[in-house]
Amino acid sequence: METVVSAKECLQYTRFAEYQGVLVDSDSLVFEDTLVLVKHLRQENSDAAIFVFARYLDLEQRLRLFAAGADDCVREPFFASELAVRLGLTIRLRQAASDLAGSKTASVLRSGDLELDLIRRRAARLGKAIDLRPKEFLLLEYLVRNANRPVTRTMILEHVWNSSFEGLTNVVDVYISALRSKVDRDFPQKLIQTNRGVGYTFTCVSAFPATPRNRAS
């Protein structure tokens with residue numbers, strides 16, 4: 001569990017990691033700032049349960065928070081045990097909805113000898129499982145969907161982190177390095193290539209080498 005002291009810091013944390021639940025203390029923010037924060041949290045964390053602590057909010061404000069993406073407004077004082085139950089239930093409901101939505105779309109993405117299970121968020125190469133963190137999986141998925149096409153660090157930031165702040169491009173390099181150690185290290189064929197001055201390219205290779213044809217005598 002992480003604790004932050006500002007809306008900006010909250011967005012930074014949720015942008016670079018996936019959380020099942022986010023608790024927002026509205027009393028520490030101007031209401032309009034709380035509303036904007038909830039909207040951004042919902043856009044970037046569609047499956048997260050978002051609870052807002054609301055001591056002084058009126059009905060109209062609570063309705064606006066629900067419309068922005070909040071799952072519940074919790075009035076103080078409250079029982080921690082009740083909050084835990086309500087939060088756990090909301091997390092399970094959102095996860096179930098996400099699984100149902102995912103089952104209606106293509107569930108497996110393949111490129112050469114690499115396979116991505118988009119529902120279970122699992123990766124494997126030549127049948128060998130690859131343990132990836134959530135953002136690593138999203139990054140690999142983006143690279144695979146753009147196989148054999150160079151993508152810049154800015155493009156990666158916009159599609160994987162929903163950010164265009166170029167000051168974060170070093171974060172991309174860190175994640176690419178971690179991804180390489182997991183996807184390429186134990187295999188002779190390296191899939192993730194560096195394009196100096198541009199970015200990176202995921203190189204799609206055949207899972208099975210071509211069989212040489214016999215020449216006619």
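Parameters at a glance
- Residues numbered from 1 in each chain as written.
- Predicted model: local features only at pLDDT ≥ 70, side-chain atom pairs only at ≥ 80, totals over all residues.
- Heavy atoms only, no water.
- Salt bridge = Lys/Arg side-chain N within 4 Å of Asp/Glu carboxyl O.
- Buried < 20%, exposed > 50% of the residue type's maximum accessible area, 1.4 Å probe, protein only.
- Pairing = 2+ DSSP bridges.
- Helix = DSSP H or I, 4+ residues; strand = E, 2+ residues; numbered from the N terminus.
- pLDDT = per-residue confidence, 0-100.
- Contact = heavy atoms within 4.5 Å.
- Polar contact = N/O pair within 3.5 Å; in protein donor to acceptor, adjacent residues only side chain to side chain.
- Expected span 1.5 Å × (residues − 1).
- Arc of directions from axis to C-beta.
- Axes fitted to C-alpha atoms, helices over the stretch in contact; angles between N-to-C directions.

A. Looking closely at the pattern of salt bridges. Under the counting rule described, the total for this entry stands at 15 salt bridges. Where R185 meets D186, a salt bridge forms, and the shortest distance between an N and an O atom there is 3.9 Å. Taking the relative accessible area as the measure of exposure, R185 reaches 57% and is therefore exposed. Through salt bridges with shared partners, a single network forms among R42, D71 and R94.

B. Molecular detail of the pairing of strand β5 (residues 114-117). Bridging between strand β4 (residues 108-111) and β5 involves 4 bridges; their strand directions are antiparallel. Pairing of S111 across the sheet is with L114, part of β5. With antiparallel pairing between neighbouring strands as the criterion, β4 and β5 make up a hairpin whose turn holds 2 residues, including G112 at a positive phi of roughly 60°. In this structure, β5 lies alongside strand β6 (residues 122-125), joined through 4 bridges in antiparallel fashion. Opposite E115, over in β6, you have A124 as the bridge partner. In textbook terms, the turn of a hairpin is the stretch between consecutive antiparallel strands, and for β5 and β6 this stretch comprises 4 residues, one of which, R121, has a positive phi near 55°.

C. Representation of the confidence of the model for the protein in the model. For the protein, the average pLDDT comes to 83, and 88% of its residues sit at 70 or higher. Predicted confidence is poor over residues 207-217, with pLDDT under 50, and the contacts of this stretch with residues over four places away or in other chains come to 2 contacts.

D. Fine view of the environment of Y13. Looking at the secondary structure, you find Y13 in helix α1 (residues 7-16). You can call Y13 partly exposed: its relative accessible area is 32%. Taking the C-alpha atoms as reference, Y13 lies 8.5 Å from E2; in sequence the two are 11 residues apart. The contact partners of Y13, leaving out residues within four places of it in the chain, are E2, V4 and Y19.

E. The arrangement of the environment of R122 in detail. Structurally, R122 can be placed in strand β6. Overall, the relative accessible area of 54% leaves R122 in the exposed class. For R122 and F137, which are 15 residues apart along the polypeptide, the C-alpha to C-alpha distance reads 7.7 Å. Excluding residues within four positions of it along the chain, R122 makes contact with E115, L116, D117 and F137.

F. Spatial organisation of the side chain of R125. Within the fold, R125 resides in strand β6. A polar atom in the side chain of R125 sits 3.0 Å from the side chain of D113. Excluding anything up to four places from it in sequence, R125 contacts D113, L114, I130, V183, D184, F187, Q189 and L191.

G. The arrangement of helix α7 (residues 169-183) in detail. An ideal rise of 1.5 Å per residue puts 21 Å on 15 residues; α7 measures up with 21 Å between its terminal C-alpha atoms. Every buried residue belonging to α7 is among V171, V172, Y175, I176, L179 and V183, and all of these are buried. Looking straight down α7, one finds that the buried residues subtend no more than 135° of arc, so they occupy a single side.

H. Region of the structure containing the sheet that holds strand β1 (residues 21-25). Read across the sheet, 3 strands follow the order β1-β2-β3 without closing on themselves; strand pairing throughout is parallel. Unpaired on one side and paired on the other, β1 and β3 (72-74) mark the two borders of the sheet. On average, each strand axis in the sheet is inclined to that of its neighbour by 25°, with strand direction left out of account. Bridge count between strand β2 (residues 49-53) and β3: 3 bridges; the pairing is parallel. Looking across to β3, one finds that F51 is bridged to D72. Along the sheet, helix α2 (residues 31-44) contacts β1 and β2; its crossing angle with β2, the most-contacted strand, is approximately 170°.

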